[in-house]
Amino acid sequence: LCRDCGFMYINPRPMKQILWEYYRQEDCSSGSVYHALTEGSRHVRLTAERRDFLIRSVGTIHGISTSGSLLDIGCSTGDLLYSLDLPGWQLKGLEPSGHAAKIASSRGIQIIPQDLESAELPEEAFDVVVCISILEHVYDIKIAMSIISSIVKCSGLVIIEVPDSTKPVEQIGEFYSFEHLSNFTRNTLTRLLNDFGFEVVEFDCNVSVPNLRVCAKKCDTGIISRQGTVDDRYELLTALSNYKQARHKLEKSII
């Protein structure tokens, strides 16, 4: 836990090469995770939430123009891109998993088969960049954010979603997964965006899971002073303590 800003990260962590190999395996890739796709299922609800927030954000800031470019980083099988009704827009997905990319391509989605940290993407190429459940996984958060900042046009938008580390849920699958190298709060996510030239426009209030979903706008000058947020490290430490107790009770009940 950073003594300066309260940012929480895993240390030590798996080697970068091992993580890359892990994500590229079919049985570990995002496209291989089972999602119920029936009406009202968790995955269907989440996709609709994300779609609605994205469309509203684009409409509020830019107006829904007849053309634009959007990149979904870590698009998996393309559910979000497939759900978007943006006629005239160029929609692309960045996805390192061959299994997931193949499914997305079969749905007519243009796929860039690379991971974020090693991707070669043109500068200022996109009006909107979507990054859902990705930043917590990247090995070097500064490299990842530098790439995102470089590919978004001036006054363009980034839509980011990450787990909210102040709202952990005790569950069989560990909430603070070993895959999540970075753990965000509202404060540390805002600071990160500000440090890379993005001004927070809105945090989504309609999030049905313990996640942070935010829309931020790239400043024309690329430089922005940090937006005032409440230091939430005490809230985070309290949540961690409560989670450990709840997790222990869950384990005992299962045993």
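Here is a short report on the structure shown in this document. (Residues numbered from 1 in each chain as written. Predicted model: local features only at pLDDT ≥ 70, side-chain atom pairs only at ≥ 80, totals over all residues. Heavy atoms only, no water.)

**Notes on the side chain of H137**
Turning to its location among the elements, H137 is positioned in the loop between β5 (126–132) and α5 (141–151). On the accessibility criterion, H137 (18% relative accessible area) is buried. Excluding residues within four positions of it along the chain, H137 makes contact with Y23, E179, H180 and L181. (Helix = DSSP H or I, 4+ residues; strand = E, 2+ residues; numbered from the N terminus. Buried < 20%, exposed > 50% of the residue type's maximum accessible area, 1.4 Å probe, protein only. Contact = heavy atoms within 4.5 Å.)

**So, the state of the cysteines**
Overall, the coordinates contain zero disulfides when judged by the stated rule. A disulfide-free cysteine, C5 has its sulfur positioned 3.7 Å from the sulfur of C2, the nearest such atom. (Disulfide = S-S within 2.5 Å.)

**Regarding the environment of M15**
Looking at the element boundaries, M15 is found in the loop between β1 (8–9) and α1 (16–24). With 124 residues separating them in the primary sequence, M15 and Y139 have C-alpha atoms 8.9 Å apart.

**Things to note about the pairing of strand β2 (residues 68–73)**
Summarising burial for β2: six of the six residues are buried, a large majority. Covered by surrounding structure in β2 are G68, L70 and D72 together with S69, L71 and I73, the residues of both alternating faces. By the bridge criterion, six bridges tie β2 to strand β3 (residues 89–94) in an arrangement that is parallel. From the neighbouring strand, S69 faces β3, where its bridge partner is Q90. Sheet analysis places β2 next to β5, joined by four bridges and oriented parallel. Bridge pairing links D72 to V130 in β5. (Pairing = 2+ DSSP bridges.)

**Details of the packing of aromatic side chains**
Any aromatic ring pair is given by two values, namely how distant the centres are and how the planes are angled relative to each other. Under the criterion given, the structure shown has six aromatic pairs. Residues F7 and Y9 carry aromatic rings whose centres are separated by 6.1 Å and whose planes lie at 25 degrees to one another, so their mutual orientation is stacked. Since its relative accessible area comes to 17%, F7 is described here as buried. Since its relative accessible area comes to 39%, Y9 is described here as partly exposed. Ring centres 5.2 Å apart and planes at 85 degrees place the aromatic pair Y176 and Y243 in the edge-to-face group. Highlighted residues: Y176 in the loop between β6 (152–163) and β7 (182–183) and Y243 in helix α7 (residues 233–254), separated in sequence by 67 residues. A network of ring pairs unites the aromatic residues F7, Y9 and F184 as a single cluster. We note R107 situated over the ring of Y82; from NZ or CZ to the ring centre the distance is 4.5 Å. In this structure, R186 is placed above the aromatic ring of F203, and the distance from its NZ or CZ to the ring centre is 4.1 Å. (Phe/Tyr/Trp six-rings, centres within 6.5 Å; stacked < 30°, edge-to-face > 60°. Lys NZ or Arg CZ within 6 Å of the ring centre and 35° of its normal.)

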